[in-house]
Amino acid sequence: MKTRDQNLAHLAVVARGLRELVNDVGARASAAGDIAPAVEGEVIAPGGLARTGAGSQARLDLSEGTIVRLAPESEFTLAELSPDMRNPVTRLALAAGQLWVILSGGELKVETPVGSATVRGSYLGVNFDPALKTLLATCLEGTCALENHLGATPLANGQAASIAGENQPPSAPRPMTNEEIQQWTQASPEAQQLLLTPTPPGTPGAPPPPSGGGPGGEGDPFGAPPPTFEAGHIN
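Below you will find a few notes about this structure. (Residues numbered from 1 in each chain as written. Predicted model: local features only at pLDDT ≥ 70, side-chain atom pairs only at ≥ 80, totals over all residues. Heavy atoms only, no water.)

Moving on to empty space enclosed by the protein. If you walk through the whole model with that rule in mind, you get two cavities of 30 Å³ or more. Considered as a void within the structure, the second largest cavity measures approximately 50 Å³ in volume. Surrounding the second largest cavity, Gln-98, Trp-100, Gly-125, Val-126, Asn-127, Leu-136, Thr-138, Glu-180, Gln-183 and Trp-184 form its lining. At the level of secondary structure, the elements contributing two or more residues to the lining of the second largest cavity comprise strand 8 (89-102), strand 10 (115-129), strand 11 (134-148) and helix 2 (178-187). Residues of the lining of the second largest cavity, tallied by class, amount to four nonpolar, five polar and one charged. (1 Å grid on protein atoms, 1.4 Å probe; cavity = no way out; pocket = protein on both sides within 12 Å on 5 of 7 lines; lining within 4 Å. Points joined across faces, edges and corners; volume = space filled by probe spheres on them. Helix = DSSP H or I, 4+ residues; strand = E, 2+ residues; numbered from the N terminus. Nonpolar A, V, L, I, M, F, W, Y, C, P; charged D, E, K, R; others polar.)

Our focus in this paragraph is the state of the cysteines. Evaluation of the coordinates by the stated rule reveals one disulfide. Here Cys-139 is linked by a disulfide to Cys-144, with a sulfur-sulfur distance of 2.2 Å. Torsion about the S-S bond of the Cys-139 and Cys-144 cystine: about 70°, corresponding to right-handed handedness. As far as the burial class goes, Cys-139 and Cys-144 line up, both buried. (Disulfide = S-S within 2.5 Å. Buried < 20%, exposed > 50% of the residue type's maximum accessible area, 1.4 Å probe, protein only.)

Here we take up the layout of surface pockets. In this structure, the largest pocket encloses a volume near 290 Å³. Every element with two or more residues in the lining of the largest pocket is listed here: strand 5 (57-61), strand 6 (67-70), strand 8 and helix 2. Here the residues of the lining of the largest pocket sort into seven nonpolar, six polar and four charged.

Within the secondary structure, Asp-61 sits in strand 5. Given the relative accessible area of 12%, Asp-61 is considered buried. A polar side-chain atom of Asp-61 sits 2.5 Å from a polar atom in the side chain of Arg-59. (Polar contact = N/O pair within 3.5 Å; in protein donor to acceptor, adjacent residues only side chain to side chain.)

Okay, the pairing of strand 9 (residues 107-112) next. As judged from the five bridges shared by strand 8 and strand 9, these two strands associate in the parallel manner. Paired with Leu-92 across the bridge in strand 9 is Val-110. In this structure, strand 9 lies alongside strand 10, joined through five bridges in antiparallel fashion. Bridging across to strand 10, Thr-112 finds its partner in Gly-115. Once strand 9 ends, the chain turns through two residues before running back antiparallel as strand 10. (Pairing = 2+ DSSP bridges.)

Turning next to the pairing of strand 8. A large share of strand 8 lies buried, amounting to 10 of its 14 residues. As defined by bridge partners, strand 6 adjoins strand 8 across four bridges and the pair is classed as antiparallel. Within strand 8, the residue paired with Arg-69 across the bridge is Trp-100. Two strands pair when backbone bridges link them, and strand 8 and strand 10 are joined in this way by six bridges, in the antiparallel orientation.

Moving on, we get to the pattern of salt bridges. Evaluation of the coordinates by the stated rule reveals 10 salt bridges. With its nearest N and O atoms 3.0 Å apart, the salt bridge here joins Arg-59 to Glu-20. On the criterion of sequence distance, the pair formed by Arg-59 in strand 5 and Glu-20 in strand 1 (residues 17-22) is long-range, its members being 39 residues apart. Exposure remark for Glu-20: the relative accessible area of 37% places this residue in the partly exposed category. (Salt bridge = Lys/Arg side-chain N within 4 Å of Asp/Glu carboxyl O.)

This is the structure in structure tokens:
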């Protein structure tokens, strides 16, 4: 039998629900449910999914302020929502399309058939094309990684990497393009605020200066410390 504290911990990590539904959004509350038109505030439990049609979008609020924003013509399943309050882990299975993650704590992994993108804080974008089997990860801010069975690429502030197809390794990190940054600002008000907020040098908790980096191999994919991030642009 669960203790009161265990029950409270379990409730604290249950998804808080779908918000900001625009046009055609479908949802399934759990693995045992059926896909139906989504309702504002509908809770998505592990095994549940959210799906958007053309010209549609949705926001999923998770525990502790973590947000997932879903682009048009996209679908993901909530594969795992860890009950560990000290180090929460969330796994999403992205079947198609694009999403943006604003993570407030712990770790979130987005899995696809060709690889996975992970963030430990704070802003990760993922775009998967199931027809071409291509995967793109953008790390607007924080500590991210793109990996599969052929390797791992750590990503820092303002970096991106891709997987060009099935059985292809992750690319080396590169600077995000202006188009990729614009997609972030259009999809996420949180990203707009981040880009407008400077991080003064020497601020406690601010990212350290760049130290290079490249594709990782076996082991921890979060090997490269992030470069400095400043208002309106990325160094």
